[in-house]
Amino acid sequence: MHRTPLVPRRVGTAVPPVRAAFVVLLLAVVVVAGARLVLAAGGMQVMGMAEYSTLIPIVGAALLPLRLTLILGLTNLVVGIVAYGILLPSMSHASRITVITALAASILVSLAVCRTRIAMERRLKGLMVARDRLTLLSEASTRVGGTLDVARTAEELAEVAVRRFADHAAVDLFEPVLKGEEPAPGPHAGPVTLRRAARRSVPAALAAASPDGGTVTYCRGSMPALSLLRGVPVHGQFPDGADGEECWPADPDGTGTKAPHSALAVPLRARGVTLGAALFTRSRHRDPFDAADVLLAQEIAARAAVCVDNARRYTHERATSVALQRSLLPQVVPPQPAVQAVARYLPADVGVGVGGDWYDVIPLSGARVALVVGDVVGHGIRASAAMGRLRAAVRTLADIDLPPDELLTHLDDIVIRLQSETCPTPTGGAEDAAEADVGEFVATCLYMVYDPISRRCTAARAGHPPPAVVHPGACARFLDVPAGPPLGVGGLPFETAEMHLPEGSLLALYTDGLVEAPRYCLDERLERLLEALSEPKPTLQDTCDHVLDRLVVDRTRDDIALVIARTQALDDRHTVAWELLDDLAEVARARDLASLQLAHWGLPGAAFLAELVVSELVTNAIRYGGSPVQLRLIRHDTLICEVSDGAHTAPHLRRARTFDEGGRGLFIVAQLAERWGTRQQSDGKTIWAELALPPATVPTPAPALATL
């Protein structure tokens, strides 16, 4: 099928069937009854009848098109000539000339009236069309792009175009655009395959029968393919009965819809990139697309393309933020001897963007564990990157076993330093100042440390919501942890709270996105959290899901991070400690104690490495540390050897030279242990080493051995 040029329909040439029937009836009445009326008026005044006959074309000019007005006037003139010139011989010659002249003048007047009326109608129609087009353009500006979702933006474009502009509208986008990626650069020569993002038709039932999401292929030389190739709109008409498969794409649902009567394909281009095409069609009962319609469609498509590209860019940024944040968060919570923990993270919806919420479960020395939950102010990639930096800083500070209040103080200094690094420099330009986000690194944090041996928990928080605890057989309550300032404020101290937690207690750490929601009171939300935690559930996963089901009402506001942990205890079956004298002779005794205890635990295979590590650590503690000296063994999934002394000087790992007689103790420990380190205490320091355990060969014994 060949594309035919568009022929605009002239205003005033089309006559509705009712009006045409009225004209035919009027002409018949005039021709048939005109002569009889004139003949029957022999006794009446002839000039009076002539005056009435001159009204016929004038009245017709107010109702009929120009051509029919001329026909009606000529017919009226012929009837007048016959009636007054031939059938009434009694009329004087002057009267005949007067009547015929009046009838001829009525024709000229009717033609002038009709022409003026048509011009005014045409102008009025043009004004109405212009008003409708401006209204449609305004509606497209306000309705298209209301969200940052690519598919929804395409649907809004199709919804705006249907009914007022076209009978059918479809938006086809390249596959990468729907995923937030940039499509391949052009030119796009056919055949081209796109994904149907939206489709609307009149009536609406047709659109409902054809779901979106299918692929559609533009053949080479088709109107959509030509519009994508040239980057300009392409429109045309299809003759009745023509097969438009070569010029118009078939529906992706396979319904086999025939080619339309008039079609228009407009490429969607934004920032020099072709994103897809918008297709509009009209049926035969409407005027075909003209040049003004093409300009209107091009303007609407240009604005919609910018909205689609904005949504695509946001989708790409959000996907990057989600991927970055999920890569920075722990994918699984490793098993800990101190707690059983599960975590949930729910990102915000598309309209808000990914935030900077994070959580962590950090193993510490002495079988302890640190539970961390934090929130960086802001959304997007910058907030995710800031979250990653803070999480890495928390892990680094946790490795040196700082108390919670000191850790938050150091973290506050780090946030302030990061703020100064992102501030625009005095010599920087306006562009650097615009890209800098000074307040981005303001954050909140909750840091808790739990010791399964002493069952003590210490916690500090920096502008973060308080944690909740559920003791066995009791209702949930919030822990009284002093509220410190948010990270990044600086100059204000943090306080630590310490409490005893029975074995099996439930701890809940969360971010503000869980308890803050619009149209809800914060106290009411906090009370609902306690109620959800107080309801017992079989597993921690079920508890997490139950809390989220009860409290999550609007995910579009903020991210949500939730950590629920159940405390465990390590009793005398898992730990033993001995006090040692400040004498190097105690080194042999420490080796014997460790060897006998491991045999009692059913782990004789670990005795050799344990004796060597204990010997080196105790030797260093007695030689360089001083009393009191203590040796402690902790057995769980690994064997932890701890030696405490009264000195505060931290040891340093160094490599001894070939002929040195000493200096290899910590180097040997570092080579044999899985992990090792040191932590400061109020009365000295503790050096610890963690050794891997072989499988136990005997059942777990009851209490530890007595002191030798």
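Each chain carries its own residue numbering, running from 1 in the written order of its sequence. With the structure being a predicted model, the display of local features is reserved for residues of pLDDT at least 70 and the display and counting of side-chain atom pairs for 80 or more, all residues being used for whole-chain, interface and lining totals. The side-chain numbers reported here are obtained from all heavy atoms of the structure, hydrogens and water having been left aside.

K.L.:
Sorry, what's going on with the nonpolar core here?
P.N.:
Side chains of a nonpolar character, in soluble globular proteins, are inclined to be buried together. As used here, the term nonpolar core means buried Ala, Val, Leu, Ile, Met, Phe, Trp, Tyr and Cys residues forming a set that is joined through side-chain atoms within 4.5 Å. Partly exposed describes any residue whose relative accessible area lies between the buried limit of under 20% and the exposed limit of over 50%, with all areas from a 1.4 Å probe on protein chains only and scaled to the type maximum. By size, the foremost hydrophobic cluster in this structure holds 56 residues, and its most contacted members are Trp-358, Leu-371, Leu-408, Leu-411, Tyr-447 and Met-448. When sequence neighbours within four positions are dropped, the list of residues in contact with Leu-371 reads Val-339, Asp-360, Val-361, Leu-446, Tyr-447, Met-448, Leu-507, Leu-509 and Ala-565. If you look at the next biggest cluster of nonpolar residues, it comprises 48 residues, including Leu-136, Phe-165, Val-216 and Val-273. In this analysis, two residues are considered to be in contact whenever any of their non-hydrogen atoms come within 4.5 Å of each other.

K.L.:
Quick question: what am I supposed to make of the sheet that holds strand β4 (residues 234-237) here?
P.N.:
Strand pairs in the sheet, formed through backbone hydrogen bonds, run parallel or antiparallel to each other. For two strands to be treated as a pair, DSSP must find at least two bridges joining them. Think of it this way: any DSSP run of H or I at least four residues long counts as a helix, any run of E at least two long counts as a strand, and we number them from the N terminus. Taken together, the six strands give an open sheet; going across it, the order is β3-β2-β1-β6-β5-β4, and neighbouring strands pair in antiparallel fashion. What marks the edges here is a single partner per strand, and that holds for β3 (215-218) and β4. Looking at each pair of strands side by side, their axes are set apart by 30° on average, direction ignored. Pairing of strand β2 (residues 192-201) with β3 involves four bridges; the strand directions are antiparallel. Its bridge partner being in β3, Val-192 is matched across the sheet by Tyr-218. Helix axes are fitted to C-alpha atoms over the stretch in contact, other axes to C-alpha atoms as well, and angles between N-to-C directions run from 0 to 180 degrees. On the sheet, helix α9 (residues 223-230) packs against β2, β3, β4, β5 (262-270) and β6 (273-282) and is oriented at approximately 30° with respect to β5. Lying on the sheet, helix α10 (residues 291-328) is in contact with β1 (168-173), β4, β5 and β6; it crosses β5 at an angle near 40°.

K.L.:
Just to check I follow, could you spell out a nonpolar patch on the surface for this structure?
P.N.:
Like charges are joined within 9 Å and nonpolar side chains (Val, Leu, Ile, Met, Phe, Trp, Tyr) within 5 Å, but only among residues with over 30% relative accessible area and no salt bridge; these make up the patches. Note that accessible areas follow from Shrake-Rupley with a 1.4 Å probe, and for residues the cover is restricted to the protein chains shown. Throughout this description, the term salt bridge denotes a Lys or Arg side-chain nitrogen within 4 Å of a carboxyl oxygen of Asp or Glu. A grouping of Leu-124, Leu-127 and Met-128 is seen on the molecular surface, where their side chains present a nonpolar patch of about 300 Å² in accessible area. The exposure class of Met-128 is partly exposed, given its relative accessible area of 39%.

K.L.:
Help me understand helix α15 (residues 522-534) in this model?
P.N.:
For an α-helix, 3.6 residues make a turn, and residues three or four places apart therefore share a direction. For α15, spanning 13 residues, the distance from its first C-alpha to its last is 19 Å, which sits close to the expected 18 Å at 1.5 Å a residue. Those residues of α15 that fall on the buried side of the exposure criterion are Arg-525, Leu-526, Leu-529, Leu-530, Ala-532 and Leu-533. Down the axis of α15, the smallest arc covering the buried residues is 165°, so these residues share one side. By this rule, a helix spans an expected 1.5 Å times one less than how many residues it contains. The arc under discussion is defined with respect to the helix axis, by the directions toward the C-beta atoms.

K.L.:
Please explain the packing of aromatic side chains as it appears in this structure.
P.N.:
Given two aromatic rings, their pairing is described by the distance between the two centres and the angle made by the two planes. In this scheme Phe, Tyr and Trp rings, the latter by its six-membered ring, pair at centre separations within 6.5 Å, and the angle between planes marks the pair as stacked below 30 degrees, edge-to-face above 60, and tilted otherwise. For the coordinates displayed, the defined rule picks out two aromatic pairs. Pairing Phe-165 with Phe-280 gives two aromatic rings, centres 5.4 Å apart and planes at 90°, and the pair type is edge-to-face. One end of the pair, Phe-165, is in the loop between α6 (150-161) and β1; the other, Phe-280, is in strand β6, with 115 residues separating them in the sequence. Of the two residues, Phe-165 and Phe-280, neither departs from the other in class, the shared state being buried. Seen in terms of ring centroids, Phe-165 and Phe-289 are 5.5 Å apart; in terms of plane orientation they differ by 40°. Their pairing is tilted. You can see Phe-165 sitting in the loop between α6 and β1 and its partner Phe-289 sitting in the loop between β6 and α10, a full 124 residues away along the chain. Here Phe-165 and Phe-289 have matching classes, each one buried. Among the aromatic side chains, those forming a connected cluster through ring pairs are Phe-165, Phe-280 and Phe-289. The cationic tip of Arg-635 hangs over the ring face of Trp-601; the distance from NZ or CZ to the ring centre is 5.5 Å. For a Lys NZ or an Arg CZ to count as sitting over a ring, it must be within 6 Å of the ring centre and within 35 degrees of the ring normal.

K.L.:
What exactly am I supposed to notice about the environment of Ala-585 here?
P.N.:
Topologically, Ala-585 is positioned in the loop between β18 (575-580) and α17 (586-600). Residues Ala-585 and Thr-619 lie 34 residues apart in sequence; the distance between their C-alpha atoms is 9.4 Å.

K.L.:
Please clarify how the packing of α17 against helix α18 (residues 607-625) should be interpreted in this entry.
P.N.:
Angle between the axes and distance between the axes are the two parameters that describe a pair of packed helices. Here α17 crosses α18 at 150°, and the two axes come no closer than 9 Å. When the interaxial angle is binned, α17 and α18 end up roughly antiparallel. Between α17 and α18 the crossing geometry is right-handed. Contact residues: α17 offers Glu-586, Val-587, Ala-590, Arg-591, Ala-594, Ser-595 and Leu-598, while α18 offers Ala-607, Ala-610, Glu-611, Val-614, Ser-615, Val-618, Thr-619 and Ile-622. Considering only residue class, the contact of α17 with α18 consists of nine nonpolar, three polar and three charged. Roughly parallel means an angle under 35 degrees; roughly antiparallel means over 145; roughly perpendicular covers 65 to 115; every other angle is labelled oblique. Handedness of each helix crossing follows the sense of rotation of the near helix against the far helix: counterclockwise by less than a right angle gives left-handed, clockwise gives right-handed. Note on residue categories: nonpolar means Ala, Val, Leu, Ile, Met, Phe, Trp, Tyr, Cys or Pro, charged means Asp, Glu, Lys or Arg, and polar means any other residue, Gly included.

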